[in-house]
Amino acid sequence: MSRPDLNLLVTLDVLLAEGSVAKAARKLRLSPSAMSRALARLREATGDPLLVRAGRGLVPTPRAIELSAQVGPLVSQAETLLRPAERLDLKRLVRSFTMRNSDGFVENFGPALIARVAVEAPGVRLRFVPKPDKDSGPMREGAVDLETGVVGGSIGPEVRAQALFRDRFVGVVRAGHPLSEGRITAARFAAGRHVLVSRRGLDRGPVDAALEVVGLSREIATVVGGFAEALALARGLDLIAVVPERYTQTLRQGMFSFTLPVKLAELTISLLWHPRLDADPAHRWLRGVVRDVCGAAA
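Reading the values: rules and limits
- Residue positions are counted from 1 within each chain, in the order its sequence is given.
- Selection of residues for local features in this predicted model requires a pLDDT of at least 70, selection of side-chain atom pairs for listing and counting requires 80 or more, and totals for whole chains, interfaces and linings are taken over all residues.
- Side-chain numbers come from the whole structure's heavy atoms, not from hydrogens or water.
- Secondary structure counts use DSSP, requiring at least four H or I residues in a row for a helix and at least two E residues in a row for a strand, with both numbered from the N terminus.
- For this measure, only C-alpha atoms enter the radius of gyration; the expected value for a globule follows 2.2 Å times N^0.38, where N is the number of residues.
- For each residue, the accessible area found with a 1.4 Å probe, counting protein chains only, is set against the maximum for its type, and the residue is called buried under 20%, exposed over 50%, and partly exposed in between.
- Contact between two residues is taken to exist if any of their heavy atoms lie within 4.5 Å; hydrogens are not considered.
- In these tables, accessible area is a Shrake-Rupley quantity obtained with a 1.4 Å probe, and a residue counts as shielded only by the protein chains included in the view.
- Asp and Glu count as negative and Lys and Arg as positive, but His and the ends of the chain are not part of the count.
- Where a charge lies is defined by one atom per residue type, namely NZ (Lys), CZ (Arg), CG (Asp) and CD (Glu).
- Stacked, tilted and edge-to-face are the three classes assigned to paired rings of Phe, Tyr and Trp, where Trp is represented by its six-membered ring and a pair needs centres within 6.5 Å; plane angles under 30 degrees give stacked, over 60 edge-to-face, the rest tilted.

(A) Main features of the overall build of the chain. A count of helices and strands for the chain gives 10 helices and 12 strands. In terms of overall size, the chain is more extended than a compact globule, its C-alpha atoms giving a radius of gyration of 32 Å where 298 residues would be expected to give roughly 19 Å. Relative to its 298 residues, the chain shows a buried fraction of 40%. Considering only intrachain contacts with a sequence separation of at least 6, the fraction spanning at least 24 residues in the chain is 71%. By element, 54% of the accessible surface of the chain is carried by carbon and sulfur atoms, the whole surface being about 16600 Å². Taken as two groups, the 42 positive and 31 negative side-chain charges of the chain have centres that lie 6 Å from each other.

(B) Layout of the packing of aromatic side chains. Scanning all chains against the criterion turns up 6 aromatic pairs. An angle of 45 degrees between the planes, with centres 5.6 Å apart, marks the rings of Phe-109 and Phe-165 as tilted. Taken as a pair, Phe-109 in helix α5 (residues 105–120) and Phe-165 in strand β6 (residues 160–167) lie far apart in primary sequence, 56 residues in all. Just as Phe-109 is buried, Phe-165 falls in that class too. Connected via pairs of aromatic rings, a cluster forms that spans Phe-105, Phe-109, Phe-165, Phe-227 and Tyr-247.

Below is the structure:
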């Protein structure tokens with residue numbers, strides 16, 4: 001069965017309101033003949049004459065009277081749907097957003113982010129979920145509204161990205177660790193026992209490659225999947241962790257942080273979202289809030 005021409009709903013609404021082919025044609029800026037053809041199509045679609053001659057005018061049939069009570073609200077709803085979104089009223093906005101981040105983001109930026117949202121849009125709730133990988137499937141499927149992280153090859157090509165801040169890796173040990181005193185050379189750094197962060201469970205990373213350049217290697221005592229775990233172990237043991245500086249600022253409180261004696265590339269932490277949310281006013285507002293909060297913490 002072929003789909004009916006929904007444009008006929010507008011024509012039907014005007015015809016029944018005007019009760020005249022000529023008046024309806026003028027209102028819709030059509031010629032009388034074009035309106036007559038539209039009426040013929042409506043009669044065929046509904047199986048009813050709709051408007052019949054009565055003297056010099058037209059009167060609606062019982063079916064037309066029945067339809068007139070329904071078609072008006074339908075056309076009005078359709079017009080509302082196709083209008084640009086009304087100006088966002090943050091005070092009345094009730095919505096939940098899911099953000100996916102690596103550990104450290106919530107600890108560092110969560111309090112300021114939640115406080116800002118509570119003031120501007122008290123009906124908005126933020127839901128933070130862990131980021132075990134860089135797969136953009138959850139964003140594509142709508143399970144995640146917003147994400148932060150380093151843009152990599154596994155990110156879907158359609159995903160939008162905007163830089164939030166630059167970060168660098170630093171070394172971290174417990175207070176009182178031997179590295180907390182004296183000059184930290186590459187040799188002293190390599191001689192310690194290390195905790196490696198690898199979400200994929202690898203037994204080496206960029207630090208190992210940088211040490212190899214200067215003819216050194218290190219002992220990996222253990223491998224963990226996140227920064228918080230690495231710092232927890234370094235806090236309680238004589239282990240050395242290498243983590244992003246800004247991303248783990250709160251997690252590193254009370255510990256000794258130092259500039260690495262080997263060169264590692266800086267990181268660009270970006271804001272990621274799916275293009276279907278690009279023009280959404282509420283999502284656009286939240287992206288601005290995240291940018292402001294992360295920028296203020298610089």
